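# Inside the fold
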Amino acid sequence: MKGNRDWVAAKLHHPNQTRERRQEIAAHQAPFAVVLSCSDSRVPPEAVFDRGAGDLFVIRVAGNIVDEEAAGSIQYAVEVQKYTKLIVVLGHQRCGAVDAAVRGVPLPEPLASLVKSIRPAVNKSHGWPGDPLENAIDANIHIVGDQLQKMFANHGVVVMKKRYSLDTGEVTDPQPWRQWNLPRRRR
């Protein structure tokens, strides 16, 4: 991911951010990837990947969850318009939505429903060694990525599961999927 390496090194190229590019894509877009990212203002996908106008089809929702609207937006890009076969699920360090799910704090609707959809990641990561928040973030990335892979399995889609570091700006893989909380086999 060269664009992210450039972001981390502060050697940005700012491609496709000219008046000419804006005019070029005014009548038609052809993004090369869909990015499902958190709404967090510190994680702007176009900047994180050093991309410009028309490059990414970005869906942003707190906790990078795949609700009906996000799924419909991805479906539009992948199935209807056939822009791309690449979907990137981009979670991030210290995610507030995942933190709310980990802490189980009471929230007003519709935020409570959004956070409730993250609870499976909290449950799946329960018992993993390390920080419960960061573990739930990684589990959420895996769960959402798996949901998208299943939804678009008949369309030859590749789903990349990625994690953004607020501290370094680096995009990496989430920790490997762990299944620590599976029931133990009886002997």
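See above for the structure.
Residues numbered from 1 in each chain as written. Predicted model: local features only at pLDDT ≥ 70, side-chain atom pairs only at ≥ 80, totals over all residues. Heavy atoms only, no water.

### Regarding the environment of Lys-11
Put simply, the rule reads: In this description a helix means any DSSP run of H or I spanning at least four residues, a strand means any run of E spanning at least two, and both kinds are numbered starting from the N terminus. Whether a residue is buried, partly exposed or exposed follows from its accessible area with a 1.4 Å probe, protein chains only, as a fraction of its type maximum: under 20%, in between, or over 50%, in that order.
Of note, Lys-11 is situated in the loop between α1 (2-8) and α2 (19-25). Using a relative accessible area of 59% as the deciding quantity, one classes Lys-11 as exposed. A sequence separation of 13 residues divides Lys-11 from Glu-24, and the C-alpha atoms of the two residues are 25 Å apart.

### So, the nonpolar core
Which entries qualify depends on this criterion: Remark: nonpolar core denotes a set of buried residues (Ala, Val, Leu, Ile, Met, Phe, Trp, Tyr, Cys) joined through side-chain atoms within 4.5 Å. Should any heavy atoms of two residues lie within 4.5 Å, those residues are counted as being in contact.
Core analysis: the biggest nonpolar cluster contains 34 residues, and Val-34, Leu-36, Ile-74, Ile-87 and Leu-148 have the highest contact counts within it. If you list the elements that add at least two residues to this core, you get β1 (33-37), β2 (56-60), α4 (68-80), β3 (86-92), α5 (96-103), α6 (111-116) and α8 (132-151). Considering every element that reaches this core, the biggest residue donor is α8, with six residues. Look past the residues within four positions of Val-34 in its chain and what remains in contact with it is Phe-57, Ile-59, Ile-74, Ala-77, Val-78, Thr-84, Leu-86, Ile-87 and Val-88.

### Focus: the packing of aromatic side chains
Inclusion rule: Aromatic rings from Phe, Tyr and Trp, taking only the six-membered ring of Trp, are treated as a pair when their centres fall within 6.5 Å; an angle between ring planes under 30 degrees marks them as stacked, one over 60 as edge-to-face, and anything in between as tilted.
Applying the stated rule across the entire model yields three aromatic pairs. For the pair Tyr-76 and Tyr-83, a centre-to-centre distance of 6.3 Å together with 75° between the ring planes defines the contact as edge-to-face. What makes Tyr-76 partly exposed here is its relative accessible area of 35%. Here the aromatic residues Phe-57, Tyr-76 and Tyr-83 are joined through ring pairs into a cluster of three or more.

### Focus on the sheet that holds β3
Operational definition: When DSSP finds at least two bridges between two strands, those strands are taken to pair. Structural elements are reduced to axes, namely lines fitted to C-alpha atoms, with helices fitted over the stretch in contact, and the angle between N-to-C directions of any two is expressed from 0 to 180 degrees.
Reading across from one edge, β2-β1-β3-β4-β5 is the order of the five strands in this open sheet, with mixed pairing throughout. The sheet is open, and its two borders are formed by β2 and β5 (171-172), each paired with just one other strand. The pairing of β1 with β2 spans five bridges and is classified as parallel. When the sheet's bridge partners are listed, Val-34 is paired in β2 with Phe-57. Against the sheet, α4 makes contact with β1, β2 and β3, and its axis sits at roughly 170° relative to β2, the strand it touches most. Its contacts with the sheet place α8 against β1, β3 and β4 (158-164), and it is angled at close to 165° to β4.

### Some details on the pairing of β3
Of all the seven residues making up β3, six are buried; the element is thus mostly covered by neighbouring parts of the structure. For β1 and β3, the ladder comprises four bridges, and the chain directions are parallel. If you follow Val-34 over to β3, its bridge partner there is Ile-87. Here seven bridges tie β3 to β4, and the two strands are oriented parallel to one another. Paired with Leu-86 across the strands is Val-158, a residue of β4.

### Structural notes on the environment of Arg-103
Tracing the chain through its elements places Arg-103 in helix α5. In sequence terms Arg-103 and Pro-132 are 29 residues apart; their C-alpha atoms lie 9.7 Å from each other.

### Concerning the pairing of β4
Summarising the sheet, β4 and β5 pair through two bridges and their orientation is antiparallel. Opposite Tyr-164, over in β5, you have Val-171 as the bridge partner. Connecting β4 to the antiparallel partner β5 that follows it, the hairpin turn spans six residues, and Gly-169 within it adopts a positive phi of roughly 85°.

### Section: the state of the cysteines
Among covalent bonds in proteins, the disulfide is the one between the sulfur atoms of two cysteines. To be explicit about the condition: Throughout, disulfides are identified as pairs of cysteine sulfur atoms within 2.5 Å of each other.
Under the criterion given, the structure shown has zero disulfides. With no disulfide of its own, Cys-38 lies closest to Cys-95 among cysteine sulfurs, the gap being 4.0 Å. Residue Cys-95 is classed as buried on the basis of its relative accessible area, which comes to 1%.

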